[in-house]
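Take a look at the letters that make up each chain.
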Amino acid sequence: MKFDTIIIGGGLAGLVAGIKLTSEGQKCAIISSGQSALHFFSGSFDLLGYNGTKEIDNPIEAIADLDAKHPYSKMGTATVAALADEVKDFFDKIGIRFNGETTRNHYRISPTGELRKTWLTLDKHFYCNNLENLSLGKTLILNIDGFLDFHPHFLSDGLKRQGVDCHVASVTIDELQRLRTSPTEMRSANIAKVLHKDDSIVRFTEKVAEKAQGFDTVILPSVFGIYDSLMENYLVERLKCNVRLVSTFPPSAPGIRLQMMLKQHFQNLGGVYMLGDMVTNGHLDGDRLMDIHTANHKDIPFEADNFIIATGSFFSHGLQAHHNSICEPIFNLDVTNCGERQQWFDKNVFGPQPYMTFGVVTDNNFHPQIDGRSVENLYAVGSLLESANCLKEASGAGVSILSALNVANNILKR
């Protein structure tokens, strides 16, 4: 089988690259071994939120302080800024709306009540530009009876520290009560499926409206609309107060919806999405990757002019740790020189762990290397890349999206 570009990995980076290339007329395939980290989605995309413990207000200005090997440094400040400005429009065309600006981070609230710097936040979700101007008024944080992946008291404590008048309550309907017969069923995805039914969301909205009387703002768990945003819109439009959603502990209903919408959009554009298959190896001729093989198709080669590897870091097995070494398991690409095992981690569990910056070594065009030589038609994108500590610096989604768009643009120019 022959394609213009084959993408290995079907998470955020792989899907963004695939959509960009396919929308420009390329014949693309995405090979994905399973579900992605989007199922852990917080409701926000980070660009660059922290330098150590210091909050970053303007992420574009802060790029100058990053290591030269960081993906943003390789792209350059001007390219990062230009690509970041395209992202809201990119997602808007798919039907996914975000709030936020490239040159000014805002605050989101985490499921544990922390106010964290971020870049883009899903429409209707909680965000604020300035902690000194949290104009929420009298606020009700409303949970669903028996739902253990959302903790109103954590949110209340976090907002009370900012001077917000918070109150906590819960609500339910009969359909949701039936889920409680098994604790494993009372999860965000299952709740969203129940509330996707027209009659269920109507009754639920009526119950919330009763509880919300006398409040200026109601905060709810983001469990509305696993397939689309229609139920979310219905709820917000009918309540006579300010409504803000907050993502729950995983699984994330908006994250599942986001992945489904991105995948569907890629396929609608003509892309081939192969879920449940795994790339096992590739055939190189000099500095070019000629084809790859997968577990399901065995001896049938997949050929392409260009390949993108977007398999993620340790979490998704894009990198593997052995007793004394780190490896990229498909092509044995060069990875960060990580030293002795004792140097991989900090004994302070809350410190910046060195292994978080490990990744595939690339040149400035994101061609990965094998024994120091770049593979000229293979590109690496996303959390597989070296040098970005996506957790500590709050840059994970930005690195994934912008590296994918940058590589897609480079492929199109070729």
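One structure accompanies this document, and this report is about it.

What counts as what
Residues numbered from 1 in each chain as written. Predicted model: local features only at pLDDT ≥ 70, side-chain atom pairs only at ≥ 80, totals over all residues. Heavy atoms only, no water. Pairing = 2+ DSSP bridges. Helix = DSSP H or I, 4+ residues; strand = E, 2+ residues; numbered from the N terminus. Right-handed = clockwise from strand over helix to strand, strands pointing away. Buried < 20%, exposed > 50% of the residue type's maximum accessible area, 1.4 Å probe, protein only. Contact = heavy atoms within 4.5 Å. Phe/Tyr/Trp six-rings, centres within 6.5 Å; stacked < 30°, edge-to-face > 60°. Lys NZ or Arg CZ within 6 Å of the ring centre and 35° of its normal. Salt bridge = Lys/Arg side-chain N within 4 Å of Asp/Glu carboxyl O. Core = buried A, V, L, I, M, F, W, Y, C linked by side-chain atoms within 4.5 Å. Polar contact = N/O pair within 3.5 Å; in protein donor to acceptor, adjacent residues only side chain to side chain. Axes fitted to C-alpha atoms, helices over the stretch in contact; angles between N-to-C directions.

**Remarks on the sheet that holds strand β6 (residues 98-99)**
What the three strands build is an open sheet, ordered β3-β9-β6; its pairing is antiparallel. The two strands at the open ends of the sheet, each matched to only one other strand, are β3 (44-45) and β6. As defined by bridge partners, β6 adjoins strand β9 (residues 120-122) across two bridges and the pair is classed as antiparallel. Within β9, the position partnered with Phe98 by the bridge is Leu122.

**Concerning the pairing of strand β13 (residues 242-246)**
Bridge count for strand β12 (residues 217-221) against β13 is five bridges, and the pairing is parallel. Across the sheet, Leu220 pairs through a bridge with Leu245, a residue of β13. Handedness of the crossover joining β12 and β13 through helix α9 (residues 230-238) is recorded here as right-handed.

**A short note on α9**
The periodicity of an α-helix, 3.6 residues per turn, causes residues three or four places apart in sequence to face the same way. Listing the buried residues of α9 in full gives Met231, Glu232, Asn233 and Leu235. In this structure, the buried residues of α9 make contact with α7 (188-195), α8 (198-212), β12, β13 and α10 (253-268).

**Quick word on the packing of aromatic side chains**
For the structure on display, the rule yields nine aromatic pairs. Ring centres 5.5 Å apart and planes at 75° place the aromatic pair Phe91 and Phe98 in the edge-to-face group. With a relative accessible area of 0%, Phe91 lands in the buried category. On the basis of relative accessible area, Phe98 is assigned to the buried category, the value being 7%. Their ring planes at 50° and their centres at 5.6 Å tell us that Phe204 and Phe224 sit as a pair that is tilted. Placement of the pair is Phe204 in helix α8 and Phe224 in the loop between β12 and α9, with a sequence separation of 20 residues. The exposure classification of Phe204 matches that of Phe224, with both residues buried. A connected cluster of aromatic rings, assembled from ring pairs, spans Phe41, Phe45, Phe90, Phe91 and Phe98. The residue whose ring lies beneath Lys27 is Phe3, and the NZ or CZ to ring-centre distance is 5.1 Å. When the ring centre of Phe215 is taken as origin, the NZ or CZ atom of Lys138, which lies over that ring, is 4.9 Å away.

**What about unusual backbone geometry?**
Cis peptide bonds are those with omega within 30 degrees of zero, and the linkage from Pro250 to Pro251 qualifies with 5°. Assignment of secondary structure puts Pro251 in the loop between β13 and α10. Its identity as a non-glycine residue notwithstanding, Lys298 has a phi of 45°, on the positive side. Among the secondary structure elements, Lys298 is positioned in the loop between β16 (288-294) and β17 (302-309). Given a relative accessible area of 57%, Lys298 falls into the exposed group. Residues other than glycine seldom take positive phi values, yet Asn332 does so here, at roughly 55°. When you line up the elements, Asn332 lands in the loop between β19 (326-327) and β20 (369-370). In this structure Asn332 comes out as exposed when scored by relative accessible area, which is 52%.

**A closer look at the pattern of salt bridges**
Using the criterion set out here, one finds 13 salt bridges in the structure. As a salt-bridge pair, Arg187 and Asp149 come within 2.7 Å of each other at their nearest N and O atoms. Note that Arg187 is positioned in the loop between α6 (174-179) and α7 and Asp149 in the loop between β10 (139-144) and α5 (152-160), a separation of 38 residues in sequence. A residue is classified by how much of its surface remains accessible, and Asp149, at 13% relative accessible area, is buried. As a salt-bridge pair, Glu376 and Arg288 come within 3.2 Å of each other at their nearest N and O atoms. Note that Glu376 is positioned in the loop between β21 (373-374) and β22 (378-380) and Arg288 in strand β16, a separation of 88 residues in sequence.

**Here we look at the nonpolar core**
Membership of the largest hydrophobic core comes to 83 residues, with the highest contact counts inside it found for Phe45, Tyr72, Phe91, Leu262, Ile292, Ile401 and Leu402. With nine residues, the top contributor of residues to this core is helix α11 (residues 396-413). Those residues in contact with Leu402 that sit more than four places away from it in its chain are Leu47, Tyr72, Met75, Val80, Leu83, Ala84, Val87 and Trp119. Ranked by size, the runner-up nonpolar core spans 43 residues in total, among them Ile109, Phe126, Cys128 and Leu239.

**Description of the side chain of Glu175**
With respect to the element layout, Glu175 can be found in helix α6. Here Ser200 takes part through its side chain, which lies 3.5 Å from a polar atom of the side chain of Glu175. Among all residues touching Glu175, those that are not within four sequence positions of it are Val194, Ser200 and Arg203.

**Let's talk about the sheet that holds β13**
The strands making up a sheet associate through backbone hydrogen bonding, with each pair oriented either parallel or antiparallel. Strand order in the open sheet formed by four strands is β11-β10-β12-β13, and the pairing between neighbours is parallel. The sheet is open, and its two edges are formed by β11 (166-171) and β13, each paired on a single side. Going across the sheet, the axis of each strand differs from the next one's by a mean of 25°, ignoring polarity.

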